[in-house]
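Residue-level structural notes
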Amino acid sequence: MAVKPQPAESDNREVICRLHSQQLGHGNQPVLHDIDLTLYRGDHVAVLGASGVGKTTLLAKLYQQMADVAAYSPQQHGLVEALSAYNNIYIGGLERYHWLYNISNLIKPKRQDWLQISRLADDLAIADELTKSVDRLSGGQRQRVVIARALFQQRQIFIGDEPVAALDPVQAGRLLALIQQQHHSSICALHQRPLALQYCNRIIGLKQGAIAFDQPSSAVSLDDLTALYR
Ligand SMILES: Nc1ncnc2c1ncn2[C@@H]1O[C@H](COP(=O)(O)OP(=O)(O)OP(=O)(O)O)[C@@H](O)[C@H]1O
């Protein structure tokens, strides 16, 4: 299939974010140009493209626009190394509570929060790691702590910069499904092409500083995705 640039079909769905003819970059260095992009409620989007093409740049812009309603799982995890996995996950929910409650909970977890975070950790297969400081965890375990922290934010939209890169394909698929269950919309940079096709309903391919295509995943083949990296 020859994939042409084309925005996803619009309908009566709720628009959650729109970029119109945007140039995105860093300082005076442009990275992406003429970005026209509308995200709709119910979209679960994979963003693919070669290293350095601008996936993080695009996600950061989208997060800037949706910071009030979106959880962001960045590539640089920003974990607090000396704190336990429990405390790092709890940090995702800090803004929901009074600071005094937060401090006491970080020192001695309250039963209800411990149970809630334990259930999350169970889903992510890190329940046994909750009391360990994150500097003692493997790369994949750390990545699951980051996902748990984002899930504990309890936002409506999930923005993930390669959120499952350190996980094996089975675990990665399970966690993408969990992320999608808990957020009405999501947009993730992914490198695993089969996962993008299997779990996301919309694929945005970036190439040479622009959106090369924006299509329902049913209209995109593995070869189309491979072509992004040539
Ligand atoms: N803070 C920054 N200041 C200046 N240039 C930057 C900065 N961050 C990224 N860039 C540049 O912008 C371009 C796009 O980077 P970006 O991180 O968005 O790519 P990416 O597709 O997410 O890459 P990767 O798959 O390797 O994470 C690259 O050329 C990069 O060198």
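About the thresholds
Residues numbered from 1 in each chain as written. Predicted model: local features only at pLDDT ≥ 70, side-chain atom pairs only at ≥ 80, totals over all residues. Heavy atoms only, no water. Salt bridge = Lys/Arg side-chain N within 4 Å of Asp/Glu carboxyl O. Helix = DSSP H or I, 4+ residues; strand = E, 2+ residues; numbered from the N terminus. Buried < 20%, exposed > 50% of the residue type's maximum accessible area, 1.4 Å probe, protein only. Near = heavy atom within 4 Å. Polar contact = N/O pair within 3.5 Å; in protein donor to acceptor, adjacent residues only side chain to side chain. Areas by Shrake-Rupley, 256 points an atom, 1.4 Å probe, with all protein chains shown as cover. Nonpolar A, V, L, I, M, F, W, Y, C, P; charged D, E, K, R; others polar.

We now examine the pattern of salt bridges. Within the structure shown, the criterion is met by 6 salt bridges. Between Asp43 and Arg202 there is a salt bridge; the shortest N-O distance is 2.6 Å. Of the two residues, Asp43 sits in the loop between β2 (29-40) and β3 (44-48) while Arg202 sits in strand β7 (residues 202-207), which places them 159 residues apart along the sequence. Each of the two residues, Asp43 as well as Arg202, counts as buried. For the salt bridge of Glu129 with Lys132, the shortest nitrogen-to-oxygen distance reads 2.7 Å. Among the charged side chains, a salt-bridge network with shared partners connects Arg13, Asp43, Arg202 and Asp214.

Close to the ligand lie 14 residues, the nearest being Ser51, Gly52, Lys55, Thr56 and Thr57. Between Ser51 and the ligand, the recorded distance is 2.6 Å, taken from a side-chain N or O atom to an oxygen atom. Between an oxygen atom of the ligand and a side-chain N or O atom of Lys55, the distance comes to 2.7 Å. Notes on the ligand: free accessible area 640 Å², of which the protein chains cover 60%. Counting residues per element, the shell around the ligand draws most heavily on helix α1 (residues 55-66), at 3 residues. For the shell around the ligand, the residue count by class is 3 nonpolar, 9 polar and 2 charged.

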